[in-house]
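Examining the three-dimensional arrangement
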Amino acid sequence: MLMKKKISYEEAKRRVQSRISYERLKAIAVREKKDPGPARKHKKRTKPEKQMIEILSELGVLFEPEFSIKFGPDWRVFDFRVGDRLLIEVDGDFYHANEDTMQGLTHMHLRAKKNDYLKNIIAKKNNFKLLRFWASEINENREHVKQQIIDYLSDIMENKVG
């Protein structure tokens, strides 16, 4: 008959912790391999995202929806990439807590703000200009949104040529 060897509490704790660490490392390795952008390219778009697609199409610029940038073991997906150096984010007024339209922040809003801040840093570290537009801004002042995009693209062209 085989006898199971008794182990100390400390040894059991170490084995559990090493198993948890292994599971975490395994999860990171799996996450590292997957870029979420391509899977999201065919997702259903929000109304402001559809309006941004119309604006970009009217301007005749090539764009890529759901553009991913790797950040450590994780990825961040930006709404649109225009050309080589411009990213566009369409921020919903409620989810991203537009201070002009709402008061008081919930945990969800704080998490979205933190993610937005992180995306700003990631874009900058990867030499992208990030333009953010509120959904209400796209809906109410479409020409202004167009002009901001045109101005940025014009600046790029002048710097390339000049």
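Predicted model, so just to flag it, every value in this text is computed and none were measured. (Residues numbered from 1 in each chain as written. Predicted model: local features only at pLDDT ≥ 70, side-chain atom pairs only at ≥ 80, totals over all residues. Heavy atoms only, no water.)

With that out of the way, let us pick up the overall build of the protein chain. Summing up its helical and strand segments, the protein chain has six helices and four strands in all. When the helices and strands of the protein chain are placed in sequence order, the string is α-α-α-β-β-β-α-β-α-α. Looking at the protein chain as a whole, 30% of its 162 residues qualify as buried. (Helix = DSSP H or I, 4+ residues; strand = E, 2+ residues; numbered from the N terminus. Buried < 20%, exposed > 50% of the residue type's maximum accessible area, 1.4 Å probe, protein only.)

Grouped together as the largest cluster of nonpolar side chains are 16 residues, with contacts concentrated most on M52, L56, I88, F133 and I149. When contributions to this core are tallied by element, the ones reaching two or more residues are α3 (47–59), β2 (74–82), β3 (86–91), β4 (129–134) and α6 (142–161). Examining the composition of this core, we find that four residues originate from one element, α6, more than from any other. Excluding anything up to four places from it in sequence, L56 contacts V61, F63, F80, V82, I88 and I149. Of all hydrophobic cores here, the second largest spans eight residues; its members include F67, F78, A123 and F128. (Core = buried A, V, L, I, M, F, W, Y, C linked by side-chain atoms within 4.5 Å. Contact = heavy atoms within 4.5 Å.)

Okay, the side chain of R76 next. One can find R76 in strand β2. Classification of R76 by relative accessible area gives buried; the value is 19%. Ignoring sequence-local partners within four residues, the contact set of R76 consists of F67, S68, I69, N115, L118, K119 and I122.

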